[in-house]
Amino acid sequence: MESNRKGVSTNIIDHIVHLTPPGSVKETIEQFASLGFNVIPGGVHADGLTENALVILADGAYVELISFTHLVSYYPPGSPARLAREAHPWSEASGPGARPGWIDFAFLGLGSSNHPPSDDEHLDLSDVINERSKKEGSEVSYLKTIPGGRVRPDGRELRWKITAPDAGVHGRGFLPFFCGDVTERLLRVPLEPPTNAQHPNTTKALAHLHFIAPLDADLQHFAKQITTVIGRPPISSFSSSAAAGSSSPQEFTWELISPSSRRNSELTDGAAPSTPTPKLILSFAKPDDNLEGKLGLERRPFLHEVAFWADQAQETKMSPYGRIRWLKLTEQE
């Protein structure tokens, strides 16, 4: 299976999205700071509906701490802002009774600062993925690319392009959306000065994203869909005849690329990255996952755990952040 078309890579991790209740960005910054993360102010998005802050990693990826600026009830019924707020892909996840935490993730998309120039200037990333889907029969559907952006606290305007899965078919949160920079990515992800990516808890890089599914889910179908998007088959699969009464694979693992390892590879002709390659893991839920009934609400895989490489091992953290795990750099997954 080809992983690119005209130089297009679709397995470069960009960021992971962490949603909290409306108006809670400042509180979330304090919560993540208490976990030992260095949090960088973000800004308000172009539509005015959301605001964010960033946890930048030395591998070039980042965690986006995001919340809506207001409750739905803040906007007059029937107003354009109210309709936009209600139609936002993450609006349902921020409603009454919703759990804060990991709700979505992004790969690096097409953009002037992300990929080498294509000989097809009008290439849309959705065409690349949908073409694979048709060929592989995975039923993956991506929408046409749309513009996005936000204004930083210092007044700099950032612009990008979003290519997202069809929420009417897939929902949001299992298949990644793609973010392709129009303005320079370093403006969106400020890796300078280097202290922006230095954390008191010694976090260095993304280790893995772990998605879990209920035992009655068609795990192989979902694995096929992830394969279509990533453009490469899983590097491993694990089977257990004791799980779900079947010898079918119970866990799949794909290898991703971090933004810095891609850049370093281009500059050093394929030199090995300084941290292990990030992974995406898909498996059935286990009894010790402490999901508190969430599996009854989810009929598709969802992001259960984000793990980071760090110099020091730490206790795994749970609610209200979603599950966070740290792996010591001397360990190997």
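Structure: see above.
Summary of the structure given here. Residue numbers restart at each chain and count upward from 1, following the sequence in its written direction. Whole-chain, interface and lining totals are the exception, using all residues; otherwise, since this is a predicted model, local features are given only for residues with pLDDT of at least 70 and side-chain atom pairs are given and counted only at 80 or more. With hydrogens and water stripped out, all remaining heavy atoms of the structure feed into the side-chain values.

## As for the pattern of salt bridges
By convention in these notes, a salt bridge is any Lys or Arg side-chain nitrogen within 4 Å of a carboxyl oxygen on Asp or Glu. Tallied over the entire structure, the rule returns ten salt bridges. Here R172 makes a salt bridge to D104, at a shortest N to O gap of 3.1 Å. With a gap of 68 residues between them, R172 in the loop between α4 (167-170) and β8 (177-181) and D104 in strand β5 (residues 101-108) connect regions that are remote in the sequence. The closest approach of N and O atoms between D127 and K144, which form a salt bridge, is 2.8 Å. In this pair, D127 is assigned in helix α3 (residues 125-136) and K144 in the loop between α3 and β6 (146-151), connecting sequence segments 17 residues apart. Throughout, exposure labels follow a simple rule: accessible area from a 1.4 Å probe, protein chains only, divided by the maximum for the residue type, with under 20% read as buried, over 50% as exposed, and the rest as partly exposed. Since its relative accessible area comes to 52%, K144 is described here as exposed. If you follow the salt bridges from partner to partner, you end up with D14, D181, R185 and R188 in one network. A run of H or I in DSSP becomes a helix once it reaches four residues, and a run of E becomes a strand once it reaches two; helices and strands are each numbered from the N terminus.

## Looking at the side chain of S138
Mapping S138 onto the fold places it in the loop between α3 and β6. In this structure S138 comes out as buried when scored by relative accessible area, which is 0%. Two residues form a contact once any of their heavy atoms are found within 4.5 Å. Contact partners of S138, with chain neighbours within four places excluded, come to S133, H221, K224, Q225 and T228.

## Regarding the sheet that holds strand β1 (residues 13-20)
Two orientations exist for strands paired in a sheet by backbone hydrogen bonds: parallel and antiparallel. For two strands to count as paired, DSSP must find a minimum of two bridges between them. Pairing is mixed in the closed barrel, where eight strands are placed in the order β1-β4-β3-β2-β6-β7-β8-β5. In this sheet, adjacent strand axes meet at a mean angle of 35° when their direction is disregarded. As paired elements, β1 and β5 share six bridges and run antiparallel to each other. Among the inter-strand pairings, V17 is bridged to a residue of β5, identified as D104. The angle between two axes is taken between their N-to-C directions and runs from 0 to 180 degrees, where each axis is a line fitted to C-alpha atoms and a helix contributes only its stretch in contact.

## Describing the pairing of strand β13 (residues 302-310)
The buried count for β13 comes to nine of nine residues, which makes it a mostly enclosed element. Here strand β9 (residues 203-213) runs beside β13; their pairing, made up of eight bridges, is antiparallel. Paired with L206 across the two strands is F308, which belongs to β13. Across six bridges, the pairing between β13 and strand β14 (residues 323-328) is parallel. Along β14, the bridge assignment pairs A310 with K328.

Fair warning: the whole summary comes from geometry, so function is off the table for now.
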